[in-house]
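Structural overview
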Amino acid sequence: MKRDIILSGVGGQGILSIAAVIGRAALEDGLHIKQAEVHGMSQRGGDVQSNLRISSSAIRSDLIPRGAADLIVSMEPMEALRYLPWLADDGWVITGITPLINIPNYPEGETLRRELEKLPHAVVLDADAVAKAAMAPRSANMALLGAAAPLLGIDAAKLESGIRAIFARKGGQVVETNLAAFHAGYEAAQKQAKP
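Everything quoted here is computed from the prediction, not taken from an experiment.

With that out of the way, let us pick up the overall build of the protein chain. The number of helices and strands found in the protein chain is 7 helices and 6 strands. Across the protein chain, helices and strands are ordered from the amino to the carboxyl terminus as β-α-β-β-β-α-β-α-β-α-α-α-α. Once the C-alpha set of the protein chain is aligned to its principal axes, its extents read approximately 40 × 40 × 35 Å. Within the span of the protein chain, comprising 195 residues, buried residues form 47% of the whole. A separation of at least 24 residues holds for 64% of the contacts in the protein chain among residues at least 6 apart in sequence. Accessible area for the protein chain stands at about 9300 Å²; split by element, carbon and sulfur atoms hold 51% of it. Distance between charge centroids for the protein chain: 4 Å, based on 20 positive and 21 negative side chains.

Okay, here's the thing in structure tokens:
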């Protein structure tokens, strides 16, 4: 088993929480993991990207080479497109569709949508709407994680366990809210992803 995953988004969207949950689940599954984080700006609004490498055998480098990523998981559509040069030919893009306009020359929403529609393997999710429908409006990142779950190569129960562990310090209600968003994202993605 091997998965090379690029996680991307904008500061404040919860990308590093997604990385923490996947990492916890991978370790619980007995897998090797390496992670390299790159932060654009250290405040909300800057780009955030993380290389996450998971394997059943030893991993030598924590950086994913261009053209080798199995998955790009992005909270933001432009950030998903930014990392396409790293995606393998048979790789998948799982992205939120809601733009977070943080630069003056941000592309038009329709332009981004057309570019995403050209991809052969993509799950495009309105993670914000999915999370709100699950009564978890602050958990869009966990809805996106749920959408990516079938493609991660990690049992969903281990990911749920990771969510419980990562959010436990915030209390039971926060854990349940994040689990609800995760399940809602998982269900929504089933209509698009056929691995």
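If a strand is regular, its side chains alternate between the two faces of the sheet. In terms of burial, strand E1 (residues 2-10) is largely enclosed, as 7 of its 9 residues are buried. Two strands pair when backbone bridges link them, and E1 and strand E3 (residues 47-55) are joined in this way by 9 bridges, in the antiparallel orientation. Within the sheet, the bridge partner assigned to Lys 2 lies in E3 and is Ser 55. Across 4 bridges, E1 lies against strand E4 (residues 69-74) in parallel orientation. By the bridge assignment, Leu 7 is partnered in E4 with Val 73.

Rules of the game
- Residues numbered from 1 in each chain as written.
- Predicted model: local features only at pLDDT ≥ 70, side-chain atom pairs only at ≥ 80, totals over all residues.
- Heavy atoms only, no water.
- Helix = DSSP H or I, 4+ residues; strand = E, 2+ residues; numbered from the N terminus.
- Buried < 20%, exposed > 50% of the residue type's maximum accessible area, 1.4 Å probe, protein only.
- Contact = heavy atoms within 4.5 Å.
- Areas by Shrake-Rupley, 256 points an atom, 1.4 Å probe, with all protein chains shown as cover.
- Lys, Arg positive; Asp, Glu negative; His and termini not counted.
- Charge placed at Lys NZ, Arg CZ, Asp CG, Glu CD.
- Pairing = 2+ DSSP bridges.

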